[in-house]
Protein chains: 2
Amino acid sequence: LVVDKRKCLANLRNMMQKAREANIRFRPHCKTHACLEIGKWMKEEEDFGGVDCITVSSLSMAEYFASSSEWKDITVAFPVNILEIDTIRRLASQIQLNILVENVEAVDYLQDHLQEDSNLGVYLKIDTGYGRTGIPAQALDRIDPILERLKSSSSASSNTKMKFLGFLTHAGHAYHCRSKEEVKQIHDTQTKPLMAALKERYSGQFPDLQLSMGDTPTCSVVSAKDLQLFDEMRPGNFVFYDLEQAAIGACDWKDISVAVACPIVAKHPDRREIVIYGGGVHFSKDRLSGEPEGTIFGRVVQNVSGSSLEWGDVVDGMYARSLSQEHGVIVVPETQDFDQYPIGGLLFLLPVHSCMTADCLKHKGYLTTDGDWIERMKN
Amino acid sequence: LVVDKRKCLANLRNMMQKAREANIRFRPHCKTHACLEIGKWMKEEEDFGGVDCITVSSLSMAEYFASSSEWKDITVAFPVNILEIDTIRRLASQIQLNILVENVEAVDYLQDHLQEDSNLGVYLKIDTGYGRTGIPAQALDRIDPILERLKSSSSASSNTKMKFLGFLTHAGHAYHCRSKEEVKQIHDTQTKPLMAALKERYSGQFPDLQLSMGDTPTCSVVSAKDLQLFDEMRPGNFVFYDLEQAAIGACDWKDISVAVACPIVAKHPDRREIVIYGGGVHFSKDRLSGEPEGTIFGRVVQNVSGSSLEWGDVVDGMYARSLSQEHGVIVVPETQDFDQYPIGGLLFLLPVHSCMTADCLKHKGYLTTDGDWIERMKN
């Protein structure tokens, strides 16, 4: 798994620039890279405002980032798993830990099991149309009882166990869009008005109430002005981007900053296919449908002469048509000389979904295009 | 990831029994479990003939099993990746290492780079209809030049670098079958006659030529008598089985010996859905289409009262309808009391594809239903 640091930093700067223009907090989701070194790259971008708080997807990932002592303000953007109460207690005594709740059971459990004076911030997860997690934004009958409980646990008494921070949403259905306009429409007709209505309704009771929004498609496509309503944004995938984000319109192929280098192990000139050592255990089985070629699992990019690690443009019509556990089958278009791809050569492929690819067991980290090895979180 | 040792051993004994009836060598594929401890379970089944040779999917997995000094005869069932020549040289000096070739380039490269007196066995990979890797069984014009080269490198001269062992096939298209009859048909009309023809043609030149066949669907469904043509069988998935194998007809749901225990983090009674902490990073994104419910990503099994780790029958109509990176969305049928599934409870799910599930980064090993922890290979 090779990362092009220049492309990665360019993606980072663009997004930081937009957060600054919108004047909202930048709390990037770090599950995509899960890498302290790339976390440092973020911190070092001081010209663009730097980063001092992050989002992660699990408590173990929060522990990984907290362990470096560089990160002291971490949101775990996943409905709290109360079976991990010991980790929550430990982390909330060390850093500012923020979690998501969406039911009274979890709030009651936390109230019963947290230590006094925990640094635990709580967001209420709101569903603005995705339909996966979160309380539907208009289901006030489900929101009110949770806020009642959070209010009493956040009261000014000395034994504060957790503090209600505000409403958090993730427009995951933006991943189903296939144009910038569709992404904007979700933002304009769902995310923004639904979250604004919640703020208006509850800011009397909770004057410091914050609104947090999330996803890479929206943060990439929507203008800074249209993000100003929110207090923070939490995009994650944008550091790498991938073929799915390109299909959505959130990036161009040339912005994708990771590629998987795959050895060529077999060639079938009769059907113009190459078999690579690169399968589901290297890419994940995430697929991209609706491409001109149908469903694909990755796209081949050009080698760059004089460099063994950098890559060039996408080769038109050259893609992974299927992946099994370790094998990938690459279609070679008629425009390409079949003989230029020798047994033992390497093909570089852009992944469909970089978060899942980077998380594959087989990748312990990243080789940068400068030849440096950087480690990922060990699970 | 929980493994039911009793079910696992029953699956193992059934398959060993069939190999013994067919009087062919049993060389199980260990990529499914990738676990020395389960390797030991295999060895200990001496009443069923035991196991003294195995198949793996990568050279690093071969090194893992060779490191225990229990395994001295290992086939890497993947077209040889010549970029790993150093590992091949090292392993072939320590154990009997067998690899797969399917082009002259790889044979020439090995001939140039192997040490004298390497213990390297070579199978020619044959495609009997799957269409992924291997030379099509009838493409004699592609087979002959490779065998010519292998013949000279295996000659009786003292400097033998590699030895041609025979033909190896994997009927991977049996995974697309949805009935025992379809699996049998592939075996009867493709695998068996095509491999028999190769043996007949080449056994004059290579009297010790062996035939190796593979996959769990075929080995599960076809009778011992119909396997007698072959010298060895290499099923792998059967130790665990999974929902896909059940759909093929290779096993019943009750034979599946692994389940993923997933915490309940959110409940949506209005749409009768439960959200679990269990996503693509725990299951892989392998999906099963054509089920009564459409496409599914896992099926919920019943808890067993009095046991926190064992599971019972599949709950009809209760399945994972989608997986994202960490979330799974479970459909709860009307037959189930929604309130019996509390926040913080565990749901056990049978995986669609156990090989990929077991390989997920998040599982470092298995918890047995007896409560023992057994480690997997570290990547």
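Anyway, here's the lowdown on the structure attached to this text. (Residues numbered from 1 in each chain as written. Chains lettered and ligands numbered in written order. Predicted model: local features only at pLDDT ≥ 70, side-chain atom pairs only at ≥ 80, totals over all residues. Heavy atoms only, no water.)

1. A look at the pairing of strand β12 (residues 273-277) of chain A
All names here are of chain A. Stated formally: Working definition: with a 1.4 Å probe on protein chains only, accessible area under 20% of the residue-type maximum means buried, over 50% means exposed, and in between means partly exposed. Numbering of helices and strands runs from the N terminus; a helix is a DSSP stretch of H or I covering at least four residues, while a strand is a stretch of E covering at least two. Pairing between strands is defined by DSSP: at least two bridges between the two strands are required.
With five of five residues buried, β12 is to be regarded as a mostly interior element. Bridge count between strand β11 (residues 258-268) and β12: four bridges; the pairing is antiparallel. Counterpart to Lys267 in the pairing with β12 is Ile274. In this antiparallel pair of consecutive strands, β11 and β12, the connection spans four residues, and Arg272 shows a positive phi of 50°. In this sheet, strand β17 (residues 327-331) lies alongside β12 in antiparallel orientation, the contact comprising five bridges. In the strand pairing of β17, Ile274 is matched with Ile330.

2. What about the interface of chain A and chain B?
Quite often, the size of an interface is put as the accessible area lost when its parts meet. Heads up, the rule is: It only takes one pair of heavy atoms within 4.5 Å for two residues to be counted as in contact. Computed with a 1.4 Å rolling probe, the buried area is the accessible surface lost when two parts are put together, summed over both parts. Should a side-chain nitrogen of Lys or Arg be within 4 Å of a carboxyl oxygen of Asp or Glu, the pair is scored as a salt bridge. Any pair of N or O atoms that falls within 3.5 Å is considered a polar contact. Within protein, one atom must be able to donate a hydrogen and the other to accept it, and sequence-neighbouring residues count only if both atoms are side-chain atoms. For this classification, the nonpolar set comprises Ala, Val, Leu, Ile, Met, Phe, Trp, Tyr, Cys and Pro, the charged set comprises Asp, Glu, Lys and Arg, and every other residue, Gly included, is treated as polar.
Contacts between the two partners involve 52 residues from chain A, matched on the other side by 52 residues from chain B. Where chain A abuts chain B, roughly 4,900 Å² becomes buried across the two surfaces, and 55% of that area is made up of carbon and sulfur atoms. The interface formed by chain A and chain B includes seven salt bridges. Between B:Lys31 and A:Glu326 there is a salt bridge whose closest N-O contact spans 3.6 Å. Joining chain A to chain B, the criterion identifies 21 residue pairs in polar contact (both at pLDDT 80 or more). Sorting the residues of the side of chain A that touches chain B by element identifies β4 (73-79), β11, β12, α10 (280-283), β17 and α11 (354-358) of chain A as the ones contributing at least two each. A per-element tally of the side of chain A that touches chain B places β11(A) first, with five residues. Among the residues forming the side of chain A that touches chain B, the class breakdown is 18 nonpolar, 15 polar and 19 charged.

3. Brief notes about helix α7 (residues 180-202) of chain B
Residues and elements named next belong to chain B. Short version of the rule: Under the convention used throughout, the expected extent of a helix is 1.5 Å for every residue step, that is, one less than its residue count. Each residue is assigned a bend, namely the angle between axes fitted to the seven residues that terminate at it and the seven residues that start at it.
Look at α7: 32 Å from first C-alpha to last across 23 residues, which is about the 33 Å you get at 1.5 Å a residue. At His187, α7 is bent by approximately 35°, the largest bend along its length. Three or more residues of α7 are buried, namely Val183, Ile186, His187, Thr191, Leu194, Met195, Leu198 and Tyr202. Tucked into the core, α7 has its buried residues touching β6 (120-127), α6 (140-153), β8 (163-169), β9 (210-213), α8 (216-221) and α9 (243-248).

4. Observations concerning the state of the cysteines
For clarity, the cut-off: In this description, the term disulfide denotes a pair of cysteine sulfurs within 2.5 Å.
Applying the stated criterion to the full structure yields zero disulfides over all chains. Cysteine A:Cys30 is unpaired, with the sulfur of A:Cys35 as its nearest cysteine sulfur at 9.6 Å. With relative accessibility at 0%, the residue A:Cys30 sits in the buried group. Cysteine B:Cys262 is unpaired, with the sulfur of B:Cys360 as its nearest cysteine sulfur at 11 Å.

5. Examining the pairing of strand β15 (residues 298-303) of chain B
All names here are of chain B. Taken together, the four bridges between β15 and strand β18 (residues 346-351) define a ladder with antiparallel strand orientation. In the sheet register, Val300 faces β18, and the bridge partner there is Leu349. Pairing geometry for β15 and strand β16 (residues 311-323), over three bridges, is antiparallel. Residue pairing across strands places Arg299 opposite Tyr319, the latter belonging to β16.

6. Details of the packing of helix α5 (residues 104-113) of chain A against helix α6 (residues 140-153) of chain A
Relative orientation and spacing of two packed helices are given, respectively, by the angle between their axes and the distance between those axes. Residue and element names in this part refer to chain A. Definition in use: Lines are fitted to the C-alpha atoms to define the axes, a helix being fitted only along its stretch in contact, and any angle between axes, read from their N-to-C directions, falls within 0 to 180 degrees. These descriptions rest on fixed angle ranges, namely under 35 degrees for roughly parallel, over 145 for roughly antiparallel, 65 to 115 for roughly perpendicular, and the rest for oblique. Each crossing is labelled by how the near helix is turned from the far one, with a counterclockwise turn of less than a right angle marking it left-handed and a clockwise turn marking it right-handed.
The contact between α5 and α6 brings their axes to 9 Å, and the two run at 15°. With respect to their mutual orientation, α5 and α6 come out roughly parallel. Taken as a pair, α5 and α6 cross one another with a handedness that is left-handed. Contacts between α5 and α6 involve Val104, Val107, Asp108 and Gln111 on the former and, on the latter, Pro145, Ile146, Arg149, Leu150 and Ser153. Among the residues making up the contact of α5 with α6, the classes are represented as five nonpolar, two polar and two charged.

7. Some words on the relation of the copies chain A and chain B
Test applied: Least squares is used to superpose the copies, and the fit set is the C-alpha atoms of residues whose pLDDT is at least 70 in both copies.
Mapping chain A onto chain B calls for a screw motion: a turn of 180° about the axis and a shift of 0.0 Å along it, with 0.0 Å RMSD after fitting. These values place the two chain copies in the arrangement generated by a two-fold rotation axis. In terms of proximity to the rotation axis, the leading residue of chain A is A:Leu361, whose C-alpha is 2.2 Å off the axis. Most of the interface of chain A is mirrored in chain B, where 100% of its interface residues are also at the interface.

8. With respect to the packing of aromatic side chains
This is how the line gets drawn: We call Phe, Tyr and Trp rings a pair once their centres come within 6.5 Å, taking the six-membered ring for Trp, and we label the pair stacked below 30 degrees between planes, edge-to-face above 60, and tilted otherwise. For a ring to carry a charge above it, either NZ of a lysine or CZ of an arginine must fall within 6 Å of the ring centroid while also lying within 35 degrees of the normal to the ring plane.
Throughout the structure, instances matching the rule amount to 16 aromatic pairs over all chains. With a centroid separation of 5.0 Å and 75° between ring planes, the pair formed by A:Tyr64 and A:Phe65 is classed as edge-to-face. The residues A:Tyr64 and A:Phe65 share a single accessibility class, namely buried. Ring geometry for A:Phe164 and A:Phe167: centres 5.8 Å apart, planes at 75°, overall edge-to-face. For A:Phe167, a relative accessible area of 0% translates into the label buried. Here the aromatic cluster, defined as three or more aromatic residues joined through ring pairs, consists of A:Phe164, A:Phe167, A:Tyr202 and A:Phe206. Positioned above the aromatic ring of A:Phe206, the side-chain terminus of A:Lys151 is 5.7 Å from the ring centre. If you follow B:Lys43 out to its NZ or CZ, it ends over the ring of B:Trp71, 4.0 Å from the centre.

9. Topic: empty space enclosed by the protein
Over the atoms rolls a probe the size of a water molecule, and its path tells where empty space is left. The condition that has to hold: Of the two site types, the cavity is a set of points on a 1 Å grid over the protein atoms alone where a 1.4 Å probe fits but cannot get out, and the pocket is an open set with protein on both sides within 12 Å along at least five of seven lines, each lined by residues with an atom within 4 Å of a point. Grid points are joined across faces, edges and corners, and a volume is the space filled by probe spheres set on the points.
Tallied over the entire structure, the rule returns five cavities of 30 Å³ or more. In this model, the largest cavity occupies a volume close to 140 Å³. A:Gly280, A:Cys360, A:Leu361, B:Gly280 and B:Cys360 are, among the 15 residues lining the largest cavity, the residues nearest its centre. Looking at the lining of the largest cavity, the elements that each hand over two or more residues are α10 of chain A together with α10 (280-283) of chain B. Its residues assigned to classes, the lining of the largest cavity comprises eight nonpolar, four polar and three charged.

10. Thoughts on the pattern of salt bridges
Under the criterion given, the structure shown has 45 salt bridges over all chains. For the salt bridge of A:Asp359 with A:Arg376, the shortest nitrogen-to-oxygen distance reads 3.1 Å. Separated by 17 residues along the polypeptide, A:Asp359 in the loop between α11 and β19 (365-368) and A:Arg376 in the segment after β20 (373-375) bring together distant segments of the chain. Classification of A:Asp359 by relative accessible area gives buried; the value is 6%. Its relative accessible area of 3% is what places A:Arg376 among the buried residues. Note that B:Glu293 is salt-bridged to B:Arg299, the shortest N-O span being 2.8 Å. With relative accessibility at 27%, the residue B:Glu293 sits in the partly exposed group. A single network of salt bridges, built from pairs that share partners, joins A:Arg25, A:Arg27, A:Asp73 and A:Glu232.

11. Description of the environment of B:Val56
Residues and elements named next belong to chain B. Mapped onto the elements, Val56 comes out in strand β3 (residues 54-56). Taking the C-alpha atoms as reference, Val56 lies 20 Å from Ser257; in sequence the two are 201 residues apart. In this structure, Val56 is in contact with His29, Met61, Ala62, Phe65, Ile74, Thr75, Val76 and Ala77, ignoring residues within four places of it in sequence.

12. Describing helix α5 (residues 104-113) of chain B
Residue and element names in this part refer to chain B. Counted only if it meets this: To obtain the arc, one takes the directions from the helix axis to the C-beta atoms.
The set of residues buried in α5 consists of Ala106, Val107 and Leu110. Angularly, the buried residues of α5 cover 100° about the axis, an arc narrow enough to put them on a single face. Along its buried surface, α5 packs onto α4 (85-92), β5 (96-101) and α6.

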